[in-house]
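# Working through the structure, step by step
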Amino acid sequence: MRTDQAQPVRLSEYRVANHSVTTVALDVALDPTATRVNARIDVVPHPQGVAGAPLVFDGDDLVLVSLSVDGVALPPEGFEATPERLTIFNPPARAFALEIETRINPEANTQLMGLYRSSGTFCTQCEAEGFRRITYFPDRPDVLAVYTTRIEADRALAPVLLGNGNLVETGDLEDNRHFAVWHDPHPKPSYLFALVGGDLAHVEDHFTTRSGREVVLRIYVEHGKEGRCAYAMDALKRSMRWDEEVFGCEYDLDIFMIVAVGDFNMGAMENKGLNIFNDKYVLALPDTATDQDFAQIEAIIAHEYFHNWTGNRITCRDWFQLCLKEGLTVFRDQEFTSDMRSRAVKRIADVRLLKSAQFSEDAGPLAHPVRPEIYKEINNFYTPTVYEKGAEVIRVLKVLIGAEAFKTGLDLYLKRHDGDAATVEDFIACFAEASGRDLTQFFLWYRQSGTPDVSVETHHDAVEGTFTLDIRQSLRPTPGQSMKEPMVIPLAIGLLGEDGVDRPLLTDDGQQVAGVVALNAERHRFTFSGHPTRPVLSINRGFSAPIRLKTDLRREDLAFLARHDSDAYNRWQAMQTLATQYLTDASEAVRSGGASPAPDILLEAMRAALAGSEQDPAFAAQVLTLPSEADIAREIGTNVDPSAIFAARRALRTALAQSLGDSLSGLIERLAPTSSYSPDAISAGRRALANVALDLLAAAGDAERLAAVARRFHAADNMTDRLAALAVLVQHQGSDREDALATFEERFRTDPLILDKWLALQAGIPEAGTLDRVRALMSRPGFHATNPNRLRSLVGSFASLNPTQFNRIDGQGYDFLAEVVIGLDTRNPQVAARLLGAFKSWRALEPARRAKAEAALKRVSETDGLSPDVRDIVDRSLA
Ligand code: ARG
Ligand code: ZN
C-alpha cells in the first residue's frame, strides 16, 4: 500500500531512465480475482543513463510470481521485488529480455486505476501511474515502446477482448476460453496502454482519411444502450474530418474504438486507438440527455480524439509537461466547438468556466503554475490550471504572434516532434522560430502562478483631442512564489464613439494601430488621438488575456458597451461587470443592514438585452444569466459571507422578475418549439433562452408562475426542458417540487446517469434542510457510494454548487464533506482528493466560517493512514 509519506518530485531533477524499453509483449489471462499478467519486456541500457546502474521498475500493489532474464530465472539474491518496486542489482550491460509474471485482483481494485472491473467489464486506466498496477515497468511518459497485447478470457465472461492498435489474431482455447492479439505499431508510453474485456454491444461506422485509409469506428456499450451512441459517433466523424482540415492531423490505425464504462474517475482517456470513456460522455438521446450533455459529449469525444496527435504521437517528457498535451488539446477542442457552434457563445462558456474553476484555484492555497515545478501526487495536478489556463496561455500566444505565425509554429511542432516525448520548451521554441520573436517573457505564463491584476485609468483631453490609458499590472504572491515579474499581456481594445461605432485607433502622431496593445512592464501609457469627444473604452476584447481587470468605466459606459460593443464577448462581459458590481455593493449592504443601491441601470440594460434577444438566443441566454454566487464571492475576495451574497442575488432576481415579467412571458411563448427536438446549436440556443427566462420569471416565487413551470415540467418532450423546469421548481419552497421530484424519479428509476441529474438538483437546494436530504439520499439502498459519478452528483454538487448550505454557519456542511472524504479515501483516493478540493476558497471566508472550515480540514489532516492524494491536498490547503 502506498503511504502518505510521499517525497516530492522536482522538475529540476529530471534524468533520463537508465533503462529504456523497445518492445512489450503482454499476455493477460483475465480473471475477476486472479488475473495473470506475463510481460516480456525488451530492455536496453539508455546511452545517456548511468552505466551499470541497477534496473529499477515501478510497481504499485503488485505480487511477483516469476522473473527471468533472457529466459533464465533470476536467483533470489539477484533482485528484490516489493509491491512498489522491482530492482535487479546487476542487469546485463546490453539489450536483454525481461520476463515478469504478476498476479492482480481486478475485483478488489476500488481505486479505478490499473485493471479494474466496472459492472463486470474488465477495463484499465493507466494515466498517470496506473500501468505499474498491472506489471513492473518504467512507468514514466518518456519510455516509449511498441506493444503487443494478447488477452485471454472465458468466452462467456468476456466475449469481447480489446487492446491498443490493430487486431492481428483471435482464436478459441480449451475450456470455453478464447483469446485476441492486438498490435500497436506506434511507440507509446505506458500511460496510453489499455485493454478491455467484457460482454459488450457495439455500434460500427467507417471513416476514410484524406489519404485514403479506411478506418473502422466502433463504440462499445452495455447491451441495450446501442441506441444511445449515434450522437457520439457523429461527433467522432466530425472531429476526424475537422482535425485533418484545420490541423492537418490524420488518423493512423485501421480501427478507432471507444468503450463506455460506468465507473470512471475522470471524463475520458485517450489510450491509443482504444479510448475509454465515462459513459456520461457517450450516451445521449433527447429523452435522456440535455443540450449541455450533447455539447459536452461532442467536446470530449473531440478532445480525446485530438489527443491522438497532441498527446500520443507527441507525448510528454515527464508529468510536469502535462499542459503540453492537455492545454493544447483543450485549445483544440475549444476551436472545434467554436467551428461547430457559435464562437462567441463558446468563448463566453469557456471564460465562465475559467473564472469559476481556475481563477478561484489561482486565488487560493492550491494555486500552482500551468507547468508545476514540484509535486507530491501527480493525480492532483489534473486541474483547471493545467487544462483551462493551459489552453488560455496558448490563446495568448496566438494573439501575441498573430494567427499566421501561430499556424506555422504549430505545423512545425507537429512535424518536428512527431514520435517525441517533448517539453513545453520544445513547443515554445517552434513559435519563437516561426514568429522570429523572443518568447522568454511569454514563458512566465507557464512559470508564474496566480491571475494577473490589470488596472486601467483613462483620461480624456477635449482640447488636445487625446484619450490616454494608464495601465498597471501586478501579480499577487502565491504558494511558493513570493516575488513575481511583469508578464507580457496582450489586450485587444476598441474605442467606441457616441454612435456606438469603433473609431480608428490612432497614436498621438496619427498612425493607425491594430486593435491590440501589449503590456510587458509594470506600467504603460497609451495615448490615442482624434477624440474631440470622450470615447468609451472596450478592453480585453474576446478575453484576450486571462487577467482580473479593473477599469474606471462608469455604469453608464458598461450599459453602453452591453448594447453597442462590436465585440460580442465584451457585450456579455459588460453586462456581467455591471451585475457583479451591483451585487457586490448589494451584498455589502445586506451585511451592514444598509439600504441596497437602486438597480436601475442594470434593470434597463437587462430590458434592452431582452428586447433584442431573439436575434441570437444562445448569446442572449448568456447575457441574461446573472453572475453566480461564487462569482460574486470571488469578486469580494476576502471576509466573504455566502448568506449575504445569496440574499442580495435573490433580491435582484425578484426585482428582475417583477419589472421584466411581461417581456419574459412573451419571450417564452414566442420561443415555443415548432418542430420536434433536435440537439443542434440553434435549437439548443432557443431552449436555453426560454429556460433562462423561465427561471427569472419564477424568481419572485409567484404561485401562478410556478404552476406554469410545473405544467412545463410535465409536458416536456425532452430532457433539457424537463430538467430546466425541475431545476426551477426545486429552488422554490412551496412549489410542488416534491411531486415533481417523485415523478422524475419514478420515470427514470432504472437509469443512474439520469438520476445523477436528479441528485445534483436536490444537492443544490439553498435551504437548511438540504444537508439532511443529501445524507438521506446517500444512504438509500440504490445509491452506490463508490461510483464516482454518483458521488460527484450528490456530494460534489453540494460542496461546490450550493454555497449557502456547504458554508452553513454551524459548520455542518464542512463536517459532512470531511466525513465523506475520510470514508472514501481508503477506497478511492483520487475521487476523495478531488472532493476535498471544494475547500479551496476557505481562507476567503468570514472569520466564523473560516474557523469551522479549518477545523474540518484539520480533522481530515489528523486522520491516520491517509492516501498520498488526500494528504497532499489537505496539507497544501492548510499551509
Ligand atoms: N488524459 C485524460 C484527458 O484529459 C485525463 C486522464 C486523467 N486521469 C487521471 N487519473 N489523472 O483527456
Ligand atoms: Zn486531455
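Everything numeric in this text was worked out from a predicted model, so none of it was measured.

## A short note on the overall build of the protein
- Of regular secondary structure, the protein possesses 26 helices and 31 strands.
- In terms of overall dimensions, the protein is globule-like: its C-alpha atoms have a radius of gyration of 28 Å, near the 29 Å expected for 879 residues.
- Out of the 879 residues in the protein, the part that is buried amounts to 50%.

## A few points about the UniProt feature "domain: Peptidase M1 membrane alanine aminopeptidase" (unreviewed entry) in the protein
- In the numbering used here, UniProt assigns the "domain: Peptidase M1 membrane alanine aminopeptidase" (unreviewed entry) feature to residues 231-443.
- Annotated as residues 231-443, this span is 54% helix and 9% strand, and its ends, taken at the C-alpha atoms, are 39 Å apart.

## Quick word on the sheet that holds strand β20 (residues 268-269)
- Strand order across the open sheet formed by 5 strands is β17-β18-β19-β21-β20, with mixed pairing between neighbours. Because the sheet does not close on itself, it has two edges, and the strands there are β17 (201-208) and β20.
- Where strand β18 (residues 214-221) meets strand β19 (residues 255-261), 5 bridges bridge the pair, whose relative direction is parallel. The residue of β19 that forms the bridge with V216 is I255.

## Examining the site of ligand 1
- Surrounding ligand 1, one finds 13 residues, the nearest of these being E127, M266, M269, N379 and Y382.
- Elements with a minimum of two residues in the shell around ligand 1: β20 and α2 (291-306).
- Of the residues in the shell around ligand 1, the class split is 5 nonpolar, 4 polar and 4 charged.

## Let's talk about the pairing of strand β26 (residues 466-474)
- The alternating pattern of β26 places F467, L469, I471 and Q473 on a buried face and T466, T468, D470, R472 and S474 on a face that is not buried.
- Of the strand pairs in this sheet, strand β25 (residues 453-461) and β26 are connected by 9 bridges, and their pairing is antiparallel. Residue pairing in the sheet places V454 in a bridge with Q473 of β26.
- Here β25 folds back onto β26, and the loop between the two strands holds 4 residues, one of which, G465, carries a positive phi near 70°.
- One ladder, built from 6 bridges, connects β26 with strand β29 (residues 523-528); its direction is antiparallel. Bridging from a neighbouring strand, F467 pairs with F528 of β29.

## Quick notes on unusual backbone geometry
- Note that the residue after E127, namely A128, is joined by a cis bond; omega there is 0°.
- Backbone geometry at D175 places phi at a positive 55°, although glycine is not the residue there.
- Within the secondary structure, D175 is located in the loop between β14 (166-172) and β15 (177-188).
- By the C-beta count within 10 Å, which is 6 here, D175 ends up exposed.
- One non-glycine residue, N639, lies in the positive phi region at around 55°.
- Take N639: there are 11 C-beta atoms within 10 Å of it, and that puts it in the exposed class.

## Examining the packing of helix α10 (residues 568-592) against helix α13 (residues 629-636)
- Two elements in contact, α10 and α13, have axes separated by 10 Å at closest approach and are oriented at 75°. Comparing their axes, α13 and α10 come out roughly perpendicular. Each of T580, L583, T584 and S587 in α10 lies in contact with α13, whose residues at this interface are D631, I632, E635 and I636.
- Its residues assigned to classes, the contact of α10 with α13 shows 3 nonpolar, 3 polar and 2 charged.

## Description of the domain arrangement of the protein
- Examined at the domain level, the protein breaks down into domain 1 (1-107 + 143-189), domain 2 (323-447), domain 3 (453-545) and domain 4 (568-878).
- Each side of the interface is counted separately: domain 1 has 8 residues, and domain 2 has 7 residues.
- Of the residues belonging to the side of domain 1 that touches domain 2, the class tally is 7 nonpolar, no polar and 1 charged.

## Concerning the packing of α2 against helix α3 (residues 322-340)
- It is at 9 Å that the axes of α2 and α3 come closest, and there the two elements cross at 135°. If you check the angle between α2 and α3, you find them oblique. You can see that α2 and α3 cross each other, and the crossing is right-handed. Across the interface between the two elements, E298, A299, A302, H303 and F306 of α2 pack against T329, V330, R332, D333, F336, T337 and M340 of α3.
- Here the contact of α2 with α3 is built from residues that sort into 6 nonpolar, 3 polar and 3 charged.

## Here we look at helix α17 (residues 719-730)
- For α17, which comprises 12 residues, the first-to-last C-alpha distance of 16 Å matches the rise-based estimate of 16 Å (1.5 Å per residue) to within 8%.
- For α17, the tally of buried residues reaches 11 of 12 residues, placing the bulk of the element in the interior.
- Close packing links the buried residues of α17 with α2, α15 (681-697), α16 (703-715), α18 (737-748) and α19 (752-763).

## Let's talk about the environment of R347
- Mapped onto the fold, R347 is located in helix α4 (residues 343-362).
- In this structure R347 comes out as buried when scored by C-beta crowding, with 21 C-beta atoms within 10 Å.
- Taking C-alpha positions, R347 is 19 Å from A609, a pair spaced 262 residues apart along the chain.
- The contact partners of R347, leaving out residues within four places of it in the chain, are G542, F543 and Y569.

Scoring rules and cut-offs
Residues numbered from 1 in each chain as written. Chains lettered and ligands numbered in written order. Predicted model: local features only at pLDDT ≥ 70, side-chain atom pairs only at ≥ 80, totals over all residues. Helix = DSSP H or I, 4+ residues; strand = E, 2+ residues; numbered from the N terminus. Rg over C-alpha atoms; globule rule 2.2 N^0.38 Å. Buried ≥ 20, exposed ≤ 12 C-beta atoms within 10 Å, placed from the backbone. UniProt positions renumbered as here; feature names shortened; annotations may be inferred. Pairing = 2+ DSSP bridges. Near = placed C-beta within 6 Å. Nonpolar A, V, L, I, M, F, W, Y, C, P; charged D, E, K, R; others polar. Axes fitted to C-alpha atoms, helices over the stretch in contact; angles between N-to-C directions. Parallel < 35°, antiparallel > 145°, perpendicular 65-115°, else oblique. Contact = placed C-beta atoms within 7 Å. Domains from an automatic or database assignment. Left-handed = near helix turned anticlockwise from the far one by under 90°. Expected span 1.5 Å × (residues − 1).

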